[in-house]
Structures are given as C-alpha cells and as structure tokens.
Amino acid sequence: VLQSLEECLDSHKISCEIPGMPWQEIPMGKGFNLIATQNPNRGLFANKRQDLGRKFLSRFHIINFDNFQKDELYQIAKGLGDKYNIPQKVLKDLVNFHFEWSNSKERDNDILCFTIREIEATITAIANGENIKDAILIIYGSRYKSKEYEKLKLILKKYPNLNASNQNKSKLL
C-alpha cells in the first residue's frame, strides 16, 4: 500500500484495475489532498509496524496529537451523553474509570489501546437500554483473559454509578 501511495504521489495519477475492465489511470483532481494516520511503533506495537522512510514522510505535514486530558474526555462524553439524557454523574464515573484503566501502568505496553471510542460505545449501549456494568465489562473487558479481566472488575467497583449490575438507562432517569 505504501508503495502504491508513493507511486501515486510521484505520478499524480491513481492507477487501478477493476476486474473485467481495462487498467485505468485516473489523474488527481485539482486540490487533491491525502490525509494519513499512523499509530506509534512502540510498546507491544514495536516491530509490528513499518517505520516510514524520510522520503515518504517528507510528503506530509506531520501533526502529533497528545492524549486527551480527563476534562476533554468529559466534555466529549457530556456532548454524547446529553443526546440520550445520560446523567452527568454516570458520565463522570465513566470518564474517571476510562482514564484510570487506560492510563494504568499495565496499559503502557498493552497492544490494546483505549480511546474515546470505548466511551462512545458505552454511552450508546446505555442509550440502547443495556446494563451499564455489563456494557463496560464487554466493551473494555472482552479483550482480556481472566487475570486482566479481574483487574478491570476491581477498578470498576470504585465507581458506584457504573457498578450496579441491574442499572440501565431507565433506572438512571
């Protein structure tokens, strides 16, 4: 894929073959832009990704993003939760849980990263009537074997608004 991208950027044409049709070269339109992302090649990701060469990287304006701060995560969660009338106390506990779990020392070299996607998936599950605790255990915990799963459950116990096993959206309101 990287070689194809580099070729396109050099020739200003995208070459493609569609089964049953002749080879096509499509010129890049005026104002063509390419936006690319790459996860870091560190921790358990080390040596699982190809480091990009200087020649290839020189074609891009590189922007590095810091991790979200807890208050930023909360503002995003609040925006998502407000659509479904999820109480702020639940959103705060969810963000605090997410922040504690994803920033724990054990996660430093964990190939499984946690992002705003897990918060959004949990809020969506609650909005769809799923049990909060079960949703979190599935969204966050299904990635792990029993030892890490038990650690996750211990951390989850600290957050009362997420911990009631029979709690769902209808009981929150």
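Description of the structure in this document. This one's a predicted model, so the numbers in the text were calculated from it and none came from an experiment.

Cut-offs applied
- Residues numbered from 1 in each chain as written.
- Predicted model: local features only at pLDDT ≥ 70, side-chain atom pairs only at ≥ 80, totals over all residues.
- Heavy atoms only, no water.
- Axes fitted to C-alpha atoms, helices over the stretch in contact; angles between N-to-C directions.
- Helix = DSSP H or I, 4+ residues; strand = E, 2+ residues; numbered from the N terminus.
- Left-handed = near helix turned anticlockwise from the far one by under 90°.
- Contact = heavy atoms within 4.5 Å.
- Nonpolar A, V, L, I, M, F, W, Y, C, P; charged D, E, K, R; others polar.
- Buried < 20%, exposed > 50% of the residue type's maximum accessible area, 1.4 Å probe, protein only.
- Parallel < 35°, antiparallel > 145°, perpendicular 65-115°, else oblique.
- Core = buried A, V, L, I, M, F, W, Y, C linked by side-chain atoms within 4.5 Å.
- Disulfide = S-S within 2.5 Å.
- Salt bridge = Lys/Arg side-chain N within 4 Å of Asp/Glu carboxyl O.
- Phe/Tyr/Trp six-rings, centres within 6.5 Å; stacked < 30°, edge-to-face > 60°.

1. Regarding the packing of helix α4 (residues 88-102) against helix α5 (residues 116-127)
Reasoning step 1: Between α4 and α5, whose axes approach to 11 Å, the crossing angle comes to 145°. For the pair α4 and α5, the crossing hand works out as right-handed. Where α4 approaches α5, its residues V90, L91, L94, V95 and H98 are matched on the opposing element by E118, I119, T122, I123 and I126.
Reasoning step 2: Across the contact of α4 with α5, the residue classes break down as 7 nonpolar, 2 polar and 1 charged.

2. Considering the environment of L80
Reasoning step 1: Checked against the element boundaries, L80 lands in helix α3 (residues 70-82).
Reasoning step 2: Between the alpha carbons of L80 and T124 there is a distance of 8.5 Å; along the sequence they are 44 residues apart.
Reasoning step 3: When near neighbours in sequence (up to four residues on either side) are disregarded, L80 contacts E120 and I123.

3. So, unusual backbone geometry
Reasoning step 1: Non-glycine residue H12 carries a positive phi angle of around 60°.
Reasoning step 2: Here H12 lies in the loop between α1 (2-11) and β1 (13-16).
Reasoning step 3: H12 sits in the exposed class, given a relative accessible area of 51%.
Reasoning step 4: One non-glycine residue, N85, lies in positive phi territory at about 60°.
Reasoning step 5: By secondary structure assignment, the location of N85 is in the loop between α3 and α4.

4. With respect to the packing of α4 against helix α6 (residues 132-141)
Reasoning step 1: The geometry of α4 relative to α6 is characterised by a closest axis approach of 13 Å and an angle of 25° between their N-to-C directions. The angle between the axes of α4 and α6 places the two elements in the roughly parallel class. Crossing angle aside, the handedness with which α4 passes α6 is right-handed. Contacts between α4 and α6 pair V90, L94, F97, H98 and W101 from the former with I132, I136 and Y140 from the latter.
Reasoning step 2: Of the residues belonging to the contact of α4 with α6, the class tally is 7 nonpolar, 1 polar and no charged.

5. Focus on the nonpolar core
Reasoning step 1: The biggest cluster of nonpolar side chains holds 28 residues, and the ones touching the most others in it are F97, W101, I119, I123, I136, Y140 and L162.
Reasoning step 2: When residues no more than four places from it in sequence are discounted, the contact partners of I123 are A77, L80, G81, Y84, I86, L91 and L94.

6. Observations concerning the state of the cysteines
Reasoning step 1: Applying the stated criterion across every chain yields a total of 0 disulfides.
Reasoning step 2: A disulfide-free cysteine, C8 has its sulfur positioned 9.3 Å from the sulfur of C16, the nearest such atom.
Reasoning step 3: Residue class for C16 comes out partly exposed when judged on its relative accessible area of 22%.

7. Let's talk about the pattern of salt bridges
For side chains of opposite charge, pairing can occur when their charged atoms come near one another.
Reasoning step 1: If you walk through the whole model with that rule in mind, you get 8 salt bridges.
Reasoning step 2: Across the pair E6 and K55 runs a salt bridge whose closest N-O atoms are separated by 3.7 Å. Here K55 lies in helix α2 (residues 54-57) and E6 lies in helix α1, a separation of 49 residues in the sequence.
Reasoning step 3: With a closest N to O distance of 3.4 Å, E150 and K153 form a salt bridge. Of this pair, E150 and K153 both sit in helix α7 (residues 146-156), separated by 3 residues, roughly a single helical turn.
Reasoning step 4: In this structure E150 comes out as partly exposed when scored by relative accessible area, which is 40%.
Reasoning step 5: Given a relative accessible area of 29%, K153 falls into the partly exposed group.

8. Some words on the packing of aromatic side chains
Reasoning step 1: Under the defined criterion, the tally for this structure stands at 3 aromatic pairs.
Reasoning step 2: On the numbers, 5.3 Å between centres and 55° between planes, the contact of F56 with F60 is tilted.
Reasoning step 3: On the basis of relative accessibility, which here comes to 8%, the residue F56 falls in the buried class.
Reasoning step 4: Judged by its relative accessible area of 22%, F60 is partly exposed.
Reasoning step 5: Note on F97 and Y140: the rings are 5.1 Å apart at their centroids and 80° apart in plane angle, and the pair reads as edge-to-face. Of this pair, F97 sits in helix α4 while Y140 sits in helix α6, and the two are 43 residues apart along the sequence.

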